[in-house]
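Structure assessment
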Amino acid sequence: MPPGPPLLCRSVCRENKKSPMARSWRSFFKRNTDEEQANGPVVASEPEPTTEDVEGNGHLSTDLEAVADKAAEAVPTAEEVQAERKEPAPADVWEADEIEPGEAEVSLPEPSAVEEVQDAESVAERQESEGWFGKLRQGLGRSRDSFVGQLNAAVAEFRDVEDEEFWERVEEILIASDVGVPTTAKLVGELEQEALESSITSGAELRELMIERATSMLEGPVELDVSHEPTVILMVGVNGTGKTTTIGKLSRFLPGTAMFAAGDTFRAAAIEQLQQWGERTGTPVVARERGADAAAVAHEAIHAARREGTDVLLIDTAGRLHTKVNLMAELDKVRRVVERQLPGAPHEVLMTVDATTGQNGLRQAQMFKEVAGLTGIILTKLDGTAKGGIALAIANEVGVPIKLISVGEKVEDLHPFDAREFAEALFGDL
């Protein structure tokens, strides 16, 4: 495996991340109080015996490796977890997004490290100046062409709120757009009731009501908690959803310094892909060889992040395992080792969901919520689907807020989620 960026490097690239951010990104991060920031960060003390520095591309020294192995001893095995849960995994959930061995989740060619840093320095401001709302509308273009086009035809014929055939037609369109049966029933029921109470008779009034109801359904706490020293963010998701790429993109907007942990030791080229992002963004990467214990990688990364005073540690995890019970055991093990190493961590557990997978992605999110204790959803590849309505289903049925969305390959295509903006972009042409 080719060596990654030196663990302790502090590239000039990191200084560029101190540039001002657009207001939407600035308000997205939950930080320490002004008093705490004025007095400087309080770095947690390291409870473990002093060990040798991490070597080369982040491999453990002999002493630290022994500590990591000891920390993982009390973690339940896959068989124990299976005995506790006694819940088989639906086969279709895990197979839909699997990729062939050797196939990497590699993004399109990007600028060199220096070129990318120069561009990323003002990417948040560029989102605002170029109009994020316009980019969002464009990214949802396929959903709007299909989903909104059909709703347009139905709404154009709307005259009577008591017309049952009209509401049945709306239900059919929403279900076909992957809003899902439970969410569709709730949304249409609310629309019908409020339209009746407000005596709505025009398509324009109904459109505004749809936006309001959708906004209400999508709203949730979207702040990303980076108030800890260090903050540990666990990234989970099925392979092919853009998880590793999103880690790289998100690191461009994080306040302070960041570190990556290559905890996806299962997928071919996953470690190398994260190391490439580390090189591009000037971010140190803690990595081991493919097939190594992911919990030990996380243990090592937290040790390094605390020692170096890193602000945010992002831990990648394996997204495809052969059975659900193995996935549970892997994530349980990583979470328990992380919490034992740093009480209260992980502070955020973010799952990437590929919007193109529709209801399959919804079921995946429900399972990962049970296993990993999700705190937020990152909805990716919205520009590649005609079924943007999946956002409504996730918000309503999973019970975890959508915190970020991605509508393209570029860094600036990642943005904090805004419920009203999304509803306007989705229903705006009705």
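The structure displayed is predicted, hence computed values, not measured ones.

1. Notes on the packing of helix H13 (residues 243-251) against helix H14 (residues 270-281)
Viewed as axis vectors pointing N to C, H13 and H14 meet at an angle of 15 degrees, and their least axial separation amounts to 9 Å. Taken together, the axes of H13 and H14 are roughly parallel relative to one another. Where H13 crosses over H14, the handedness of that crossing is right-handed. Mapping the contact onto sequence places Thr244, Thr245, Ile247, Gly248, Lys249 and Ser251 in H13 and Gln273, Leu274, Trp277 and Thr281 in H14.

2. Here we look at helix H10 (residues 164-176)
Across its 13 residues, H10 extends 18 Å between first and last C-alpha, which sits within 8% of the 18 Å expected from 1.5 Å per residue. Three or more residues of H10 are buried, namely Phe166, Trp167, Val170, Ile173 and Leu174. Looking straight down H10, one finds its buried side chains confined to an arc of 120 degrees; they lie on one side. The opening residue of H10, the one whose side-chain oxygen lies 3.1 Å from the backbone nitrogen of Glu165, is Asp163. A positive phi of about 65 degrees marks Asp178, the residue just after H10.

3. Structural notes on the pattern of salt bridges
In a structure, side chains of opposite charge can pair up when their charged atoms sit close to one another. Applying the stated criterion across every chain, the model contains 15 salt bridges. Close ionic contact of Arg207 with Glu424 constitutes a salt bridge, the shortest N to O distance being 3.7 Å. In this pair, Arg207 sits in helix H12 (residues 203-218) while Glu424 sits in helix H19 (residues 419-427), placing the two residues 217 residues apart along the sequence. For Arg207, a relative accessible area of 19% translates into the label buried. The class of Glu424 is partly exposed, set by a relative accessible area of 21%. Note that Arg288 and Glu300 form a salt bridge whose closest N and O atoms lie 3.9 Å from each other. Here the residue Arg288 occupies a position in the loop between strand S5 (285-286) and helix H15 (294-308), and Glu300 occupies one in helix H15, the gap between them amounting to 12 residues. The same class applies to Arg288 as to Glu300, namely buried.

4. Examining unusual backbone geometry
Here the amide bond leading from Glu229 into Pro230 is cis, since omega sits at -5 degrees, within 30 degrees of zero. Among the structural elements, Pro230 can be located in the loop between strand S2 (224-225) and strand S3 (231-236). Here the amide bond leading from Ala345 into Pro346 is cis, since omega sits at -5 degrees, within 30 degrees of zero. The backbone phi angle of Asp178 is positive, close to 65 degrees, even though this residue is not glycine. Within the element layout of this structure, Asp178 appears in the loop between H10 and helix H11 (181-197).

5. Details of the pairing of strand S6 (residues 312-315)
Two faces make up the sheet, and in a regular strand the side chains alternate between them. Side-chain alternation along S6 places Val312 and Leu314 on one buried face and Leu313 and Ile315 on a second face that is also buried. The sheet contact formed by S3 and S6 spans 4 bridges and is parallel. Each residue of the ladder has a partner; that of Ile233, found in S6, is Leu314. Two strands pair when backbone bridges link them, and strand S4 (residues 258-261) and S6 are joined in this way by 4 bridges, in the parallel orientation. Looking at the pairing, Met259 lines up with Leu313 of S6.

Parameters at a glance
Residues numbered from 1 in each chain as written. Predicted model: local features only at pLDDT ≥ 70, side-chain atom pairs only at ≥ 80, totals over all residues. Heavy atoms only, no water. Axes fitted to C-alpha atoms, helices over the stretch in contact; angles between N-to-C directions. Helix = DSSP H or I, 4+ residues; strand = E, 2+ residues; numbered from the N terminus. Parallel < 35°, antiparallel > 145°, perpendicular 65-115°, else oblique. Left-handed = near helix turned anticlockwise from the far one by under 90°. Contact = heavy atoms within 4.5 Å. Expected span 1.5 Å × (residues − 1). Buried < 20%, exposed > 50% of the residue type's maximum accessible area, 1.4 Å probe, protein only. Arc of directions from axis to C-beta. Polar contact = N/O pair within 3.5 Å; in protein donor to acceptor, adjacent residues only side chain to side chain. Salt bridge = Lys/Arg side-chain N within 4 Å of Asp/Glu carboxyl O. Pairing = 2+ DSSP bridges.

Coordinates in, geometry out; function isn't part of it.
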